[in-house]
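Inside the fold
Listed below are the residues making up each chain.
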Amino acid sequence: MSPSQPTEELVEDVAAIHLAAIGAATKRGVEIDDADERGDASEVVLKGRLGSALHRLNPDLPHDTV
């Protein structure tokens, strides 16, 4: 592993430390990717869930903009 290519585990560990410091609950990516949205573990963003959330938050935006 090189510093320019962090692993999902490293990103999750760092985020979990910071989120725990403010009292937030955390789950690992593999725990929430129950729909098999990622091609592999290097894909950090669950695009389907992100798109759905953005549409809910911005219902007037065109689909292509979201």
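Reading the values: the criteria
Residues numbered from 1 in each chain as written. Predicted model: local features only at pLDDT ≥ 70, side-chain atom pairs only at ≥ 80, totals over all residues. Heavy atoms only, no water. Helix = DSSP H or I, 4+ residues; strand = E, 2+ residues; numbered from the N terminus. Buried < 20%, exposed > 50% of the residue type's maximum accessible area, 1.4 Å probe, protein only. Contact = heavy atoms within 4.5 Å. pLDDT = per-residue confidence, 0-100. Patch = residues over 30% accessible without salt bridge, like charges linked within 9 Å, V, L, I, M, F, W, Y side chains within 5 Å. Areas by Shrake-Rupley, 256 points an atom, 1.4 Å probe, with all protein chains shown as cover. Salt bridge = Lys/Arg side-chain N within 4 Å of Asp/Glu carboxyl O. Expected span 1.5 Å × (residues − 1).

Right, let's get into the overall build of the chain. A tally of helices and strands in the chain yields three helices and zero strands. Ordered by position in the sequence, the α and β elements of the chain form the string α-α-α. A buried classification covers 9% of the 66 residues belonging to the chain. The long-range share in the chain, meaning contacts at least 24 apart out of those at least 6 apart in sequence, stands at 7%.

With that out of the way, let us pick up the confidence of the model for the chain. Residues of the chain with pLDDT of at least 70 account for 88%, and the chain-wide mean is 82. At the low end of the mean pLDDT range in the chain sits helix 2 (residues 29-32), at 72; at the high end sits helix 3 (residues 47-57), at 90.

Taken together, the side chains of Val44, Val45 and Leu50 present a nonpolar region at the surface, about 250 Å² in accessible area. Note that leucine 50 resides in helix 3.

For the rest of this paragraph, the subject is helix 1 (residues 8-21). Taking 1.5 Å of rise per residue, the 14 residues of helix 1 would be expected to cover 20 Å, and the 20 Å separating its terminal C-alpha atoms lies within 8% of that figure. Glycine 23 sits one or two positions beyond helix 1 and adopts a positive phi of about 85°.

The next thing to look at is the environment of alanine 16. Mapping alanine 16 onto the fold places it in helix 1. Take alanine 16: its relative accessible area is 26%, and that puts it in the partly exposed class. C-alpha of alanine 16 to C-alpha of lysine 27: the two residues are eleven residues apart in sequence and 8.3 Å apart in space.

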